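Results of the structural survey
The chain contents come next:
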Amino acid sequence: MEMELEITVLVNTGLKEVQEDLKNKGFKLIEKYQLNDIYMINRDVDLSKLTKLEILKKCILVRDIVGIKKELVYKYKNFAENGDILEQGKVKCQILDIEKGKHFMEAINYKELFKIFDESYVYSNDKIEIVVQFVNNKYIFIEFEDNNNTYNSIEELKKALDMYNLPYNKDNYFVKKALIILEETIK
């Protein structure tokens, strides 16, 4: 399993505003892509007996990074009592076709739980690379991941991101996009 250091924060302004702020602070847009995830869960799981985080831990994603690759993804996350992510990683299996991947999951007793549509904008400034995500045409997040093994801890990631004084909620560095969409789905 590929382990990672990553933080995700909720942006307090609109998409255009945060993109303009990044440009003004020396960041350049280096990539843009669409990521579509179908969260699937085994039909035998009794959702009423699990917390929402436990439900997410049982999901397999059928992921389409449009025009780039398609894959099945299992995300491993170990949570602290307050919801902070203590440890996380993922296992990926490349597939050729999203519909066939979904059909395969259904054949082994999985069902669709919810979908996430994520417009991702990758920004870099020679020091750090961050991804601004516009999720389900409603939420804006910044994701910062230690892709180059530069940082030794989550605290170092937080400090590095905080240096830029971007418009995000500094109360939570472990915003869970999937949890927000799951809660909306359940309502």
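Placed above this text is the structure.
What counts as what
- Residues numbered from 1 in each chain as written.
- Predicted model: local features only at pLDDT ≥ 70, side-chain atom pairs only at ≥ 80, totals over all residues.
- Heavy atoms only, no water.
- Buried < 20%, exposed > 50% of the residue type's maximum accessible area, 1.4 Å probe, protein only.
- Helix = DSSP H or I, 4+ residues; strand = E, 2+ residues; numbered from the N terminus.
- Arc of directions from axis to C-beta.
- Contact = heavy atoms within 4.5 Å.
- Polar contact = N/O pair within 3.5 Å; in protein donor to acceptor, adjacent residues only side chain to side chain.
- Salt bridge = Lys/Arg side-chain N within 4 Å of Asp/Glu carboxyl O.
- Pairing = 2+ DSSP bridges.
- Core = buried A, V, L, I, M, F, W, Y, C linked by side-chain atoms within 4.5 Å.
- Disulfide = S-S within 2.5 Å.

We now examine helix α3 (residues 98-107). Inspection of α3 places I98, G101, K102 and M105 among the buried residues, and these make up the whole buried set. Taken around the axis of α3, the buried residues stretch over an arc of 95°, which confines them to a single face. Facing away from the buried side of α3, by more than 90 degrees, are the exposed residues E99, K100, H103 and A107. Packed against the buried residues of α3 are β3 (28-42), β4 (60-65), β5 (69-79), β6 (85-95) and β7 (110-124). Sitting at the head of α3, D97 places a side-chain oxygen 3.0 Å from the backbone nitrogen of E99. Within two residues after α3, N109 carries a phi angle of roughly 80°, on the positive side.

The subject of this paragraph is the pattern of salt bridges. Enumeration according to the criterion identifies nine salt bridges in this entry. Taking the shortest distance from any N to any O, the salt bridge between E71 and K69 comes out at 3.9 Å. Note on K69: relative accessible area 30%, which makes it partly exposed. Where K138 meets E184, a salt bridge forms, and the shortest distance between an N and an O atom there is 2.9 Å.

Not every positive phi belongs to a glycine, and N137 is a case in point at roughly 55°. If you trace the backbone, N137 turns up in the loop between β8 (129-135) and β9 (139-145). Judged by relative accessible area, N137 falls into the exposed class, the value being 61%. A positive phi angle, near 45°, is found at N165, a position not held by glycine.

Of the strand pairs in this sheet, β3 and β7 are connected by 14 bridges, and their pairing is antiparallel. Bridge assignment links Y39 to a residue of β7, and that residue is F114. Sheet topology note: the β3/β4 ladder contains six bridges and is antiparallel. Paired with D37 across the bridge in β4 is R63.

By size, the foremost hydrophobic cluster in this structure holds 28 residues, and its most contacted members are I130, V132, I142, F144 and L161. Considering every element that reaches this core, the biggest residue donor is helix α4 (residues 154-162), with four residues. With sequence-adjacent residues up to four places away left out, F144 is seen in contact with L5, E6, I7, I128, E129, I130, Y151, L157, A160 and L161. With 19 residues, the next largest nonpolar core counts Y39, I41, C59 and I116 among its residues.

Most of β8 is tucked away: six of the seven residues are buried. Sheet topology note: the β7/β8 ladder contains seven bridges and is antiparallel. Bridge pairing in β8 places S124 opposite E129. With antiparallel pairing between neighbouring strands as the criterion, β7 and β8 make up a hairpin whose turn holds four residues, including D126 at a positive phi of roughly 80°. Between β8 and β9, which pair antiparallel in sequence order, lie three residues; one of them, N136, sits at a positive phi of approximately 50°.

Further remarks concern the state of the cysteines. On inspection of all chains with the given rule, the structure shows zero disulfides. Take C59: it sits in no disulfide, and the sulfur closest to it among the cysteines is that of C93, at 17 Å. Assessed through its relative accessible area of 43%, C93 is described here as partly exposed.

Bear in mind that shape data such as this cannot, by itself, settle questions of function.
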